[in-house]
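Topology and contacts: notes
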Amino acid sequence: MSVYKGLVTVQTLANKPTYVDITDKVNEIVVASGIKEGTVTVISCHTTCALFSDEYDHDRTGSGDLFLHADLNDGLQKIFPEQKDWSTYRYPGEKHFEAVESWPNAAAYLPGGDRTLLWNGDAHLRATLLGGSCVFEVADGKLQMNGLASIFFVDYDRTRERTRKAKVIVMGE
């Protein structure tokens, strides 16, 4: 059995969940692997990000979100409302704030000491619910997806723009 590893990097936005279709990038890694039959696993490197497969929806909201993603956001908002104050969630607690404030790069997470920039409990819970990895079939040297299916990487942490990563591991013969 052979193993081939790749990395997908995406840019995410502030102030809203960011969904990115990474299907083509994952397939490029599958093709580059030279593996003809096996599986490909896609893994988020971040605890506020999720991966899932869904139909590519051709309709968009006025803000540019695919309808299925806007509907998913609406449903997740009912389950885990956006964190807007200190009472929405227990997380982050005082010990977490103190830990972050002790990091050498604390200013990157808390510019000006603004603790509200860690209000992302909803992002962690949403990502946990959806999951941080997916496995797909590789056949004939290509990623096997059904019809309009796509692989979406989503960052639910809306606190700031970021560069996010997903590991791609292709295994097989």
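Cut-off values and rules
- Residues numbered from 1 in each chain as written.
- Predicted model: local features only at pLDDT ≥ 70, side-chain atom pairs only at ≥ 80, totals over all residues.
- Heavy atoms only, no water.
- Helix = DSSP H or I, 4+ residues; strand = E, 2+ residues; numbered from the N terminus.
- Buried < 20%, exposed > 50% of the residue type's maximum accessible area, 1.4 Å probe, protein only.
- Contact = heavy atoms within 4.5 Å.
- Areas by Shrake-Rupley, 256 points an atom, 1.4 Å probe, with all protein chains shown as cover.
- Lys, Arg positive; Asp, Glu negative; His and termini not counted.
- Charge placed at Lys NZ, Arg CZ, Asp CG, Glu CD.
- Polar contact = N/O pair within 3.5 Å; in protein donor to acceptor, adjacent residues only side chain to side chain.
- Salt bridge = Lys/Arg side-chain N within 4 Å of Asp/Glu carboxyl O.
- Pairing = 2+ DSSP bridges.
- Axes fitted to C-alpha atoms, helices over the stretch in contact; angles between N-to-C directions.
- Parallel < 35°, antiparallel > 145°, perpendicular 65-115°, else oblique.
- Left-handed = near helix turned anticlockwise from the far one by under 90°.

Notes on the overall build of the protein chain
Looking only at helices and strands, the protein chain has five helices and eight strands in total. Reading the helices (α) and strands (β) of the protein chain from amino to carboxyl end gives β-β-α-β-β-α-α-α-α-β-β-β-β. Structurally, the protein chain occupies a C-alpha span of about 50 × 40 × 20 Å along its principal axes. When the 173 residues of the protein chain are sorted by exposure, 43% land in the buried category. Counted over contacts in the protein chain with a minimum sequence separation of 6, partners at least 24 positions apart contribute 79%. Summed over all atoms, the accessible surface of the protein chain reaches about 9400 Å², with 53% contributed by carbon and sulfur. Put simply, the protein chain has 18 plus and 24 minus side-chain charges, and the middle of one group is 6 Å from the middle of the other.

Some details on the side chain of Thr159
With respect to the secondary-structure elements, Thr159 resides in the loop between β7 (149-155) and β8 (162-172). Residue class for Thr159 comes out buried when judged on its relative accessible area of 17%. Side-chain polar atoms of Thr159 contact the side chain of Asp157, separated by 2.7 Å. Dropping the residues within four chain positions of it, Thr159 is found in contact with Leu117, Trp119 and Asn120.

Re the pattern of salt bridges
Using the criterion set out here, one finds seven salt bridges in the structure. Among the salt bridges present, the one from Lys16 reaches Asp65, with a minimum N-O distance of 2.9 Å. Here Lys16 is found in the loop between β1 (2-12) and β2 (18-21), whereas its partner Asp65 is found in the loop between β4 (49-55) and α2 (67-79), with 49 residues between them in sequence. Note that Arg158 is salt-bridged to Glu82, the shortest N-O span being 3.2 Å.

Side note on helix α5 (residues 121-130)
Within α5, burial applies to Gly121, Asp122, Ala123, His124, Arg126 and Ala127. Buried positions along α5 lie against β4 and α2. Following α5 by one or two positions, Gly131 has its phi on the positive side, about 105°.

Thoughts on the sheet that holds β8
One open sheet accounts for five strands, arranged β1-β8-β3-β5-β6; its pairing is antiparallel. Edge positions in the open sheet fall to β1 and β6 (142-143), since each of these has one partner strand only. The strands that helix α1 (residues 23-33) touches are β1, β3 (38-44), β5 (133-139), β6 and β8; relative to β1, the one it contacts most, it runs at about 155°.

Some thoughts on the packing of α2 against α5
It is the contact of α2 with α5, at a shortest axis distance of 11 Å, that shows an interaxial angle of 115°. In this view, α2 runs roughly perpendicular relative to α5, as classed from their interaxial angle. Crossing hand, α2 versus α5: right-handed. Packed against α2, whose contacting residues are Leu72, Leu76, Gln77 and Ile79, the element α5 presents Arg126, Leu129 and Leu130 at the interface.

Here's the deal with the pairing of β3
In this structure, β3 lies alongside β5, joined through six bridges in antiparallel fashion. Note that in β5 the partner of Gly38 across the bridge is Val138. Note: β3 against β8, seven bridges, orientation antiparallel. Paired with Val40 across the strands is Val170, a residue of β8.

Geometry only, nothing functional implied.
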